[in-house]
Amino acid sequence: PEPMPLGWRVPAPPPPPPGSTGAIPMPAYSAIASEVDPSFFRAMRIPLLRGREFTPSDTADSPPVVIINRAMATRYWSNTDPIGRRIRLGPIYPWSTIVGVVDNIKRFGRDEQPRSEYYEPFAQAGDQRRLSKIPANLAAQFASQTRTVPVMVVVRTHLGRRAIAAGVTPLLRRIDP
């Protein structure tokens, strides 16, 4: 078990035998989640180890994809290649295909142990896409339980601060007027 805030789910087991009642258990595994754009890994200098990075074609209308880190690949797919495997972030979420494995990062401190992490393309993430495919009563319940999460913008450039500000300010205003 890892002490992390968000979880992902493995495929559900086969249905129970006829005549049995109750919900089918769905084991949960902890992992840190991030929603990123296609240039995130290059900007942060996080190496791609296998598969592919996100591309502009990973949109809300394309099949859901995720990239996992090396720790998650080792922890849950140590004897097999995770590329092409699918994970589900919960019962109301669509299945997502693993398309890449990136190296681990030390998100919370230099001396921390690697934690399982997965990344979703920003264009595919967000409650609107997921909630549009479930009954309205469940969508309302889910939406009432979610909180707004902060968005980080990462910029890597050789330009000076003024040049960065001039280029980034319009982008930030588009994201959050």
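These numbers come from a predicted model, not from an experiment. (Residues numbered from 1 in each chain as written. Predicted model: local features only at pLDDT ≥ 70, side-chain atom pairs only at ≥ 80, totals over all residues. Heavy atoms only, no water.)

### Notes on the confidence of the model for the chain
Right, on to step 1. Confidence in the prediction for the chain averages 77 pLDDT; 67% of positions are at 70 or higher.
Right, on to step 2. Within the chain, strand E4 (residues 48-51) carries the highest mean pLDDT (97), whereas strand E1 (residues 7-9) carries the lowest (45).
Right, on to step 3. Low pLDDT, under 50, characterises residues 1-11; the predicted model gives this stretch 45 contacts beyond four residues in sequence or across chains. (pLDDT = per-residue confidence, 0-100. Helix = DSSP H or I, 4+ residues; strand = E, 2+ residues; numbered from the N terminus. Contact = heavy atoms within 4.5 Å.)

### Topic: the environment of Thr 80
Right, on to step 1. The topology assignment puts Thr 80 in the loop between helix H2 (70-76) and strand E6 (86-88).
Right, on to step 2. In terms of polar contacts, Thr 80 uses its side chain to reach the side chain of Arg 85, at 3.0 Å. (Polar contact = N/O pair within 3.5 Å; in protein donor to acceptor, adjacent residues only side chain to side chain.)

### Remarks on helix H5 (residues 161-175)
Right, on to step 1. In a regular helix each residue adds 1.5 Å, so 15 residues correspond to 21 Å; H5 covers 20 Å between its end C-alpha atoms and thus fits that length.
Right, on to step 2. The largest bend in H5 is about 30 degrees, located at Val 168, with the proline Pro 170 one to four residues further on. (Expected span 1.5 Å × (residues − 1). Bend = angle between axes of the 7 residues up to and from the residue.)

### Side note on the pairing of strand E8 (residues 117-121)
Right, on to step 1. Most of E8 is tucked away: 5 of the 5 residues are buried.
Right, on to step 2. Going residue by residue along E8, you find Glu 117, Tyr 119 and Pro 121 tucked away on one face and Tyr 118 and Glu 120 tucked away on the opposite face as well.
Right, on to step 3. Alignment of strand E3 (residues 32-36) against E8, held across 5 bridges, turns out to be parallel. Each residue of the ladder has a partner; that of Val 36, found in E8, is Pro 121. (Buried < 20%, exposed > 50% of the residue type's maximum accessible area, 1.4 Å probe, protein only. Pairing = 2+ DSSP bridges.)

### A closer look at the side chain of Asn 69
Right, on to step 1. By secondary structure assignment, the location of Asn 69 is in strand E5 (residues 65-69).
Right, on to step 2. Here Asn 69 falls in the buried class, since its relative accessible area comes to 1%.
Right, on to step 3. Of note is the side chain of Asn 69, whose polar atom sits 2.9 Å from the backbone nitrogen of Met 72.
Right, on to step 4. Here Asn 69 is in contact with Val 101, Val 102, Asp 103, Asn 104, Arg 115, Ser 116 and Glu 117, once residues within four sequence places are set aside.

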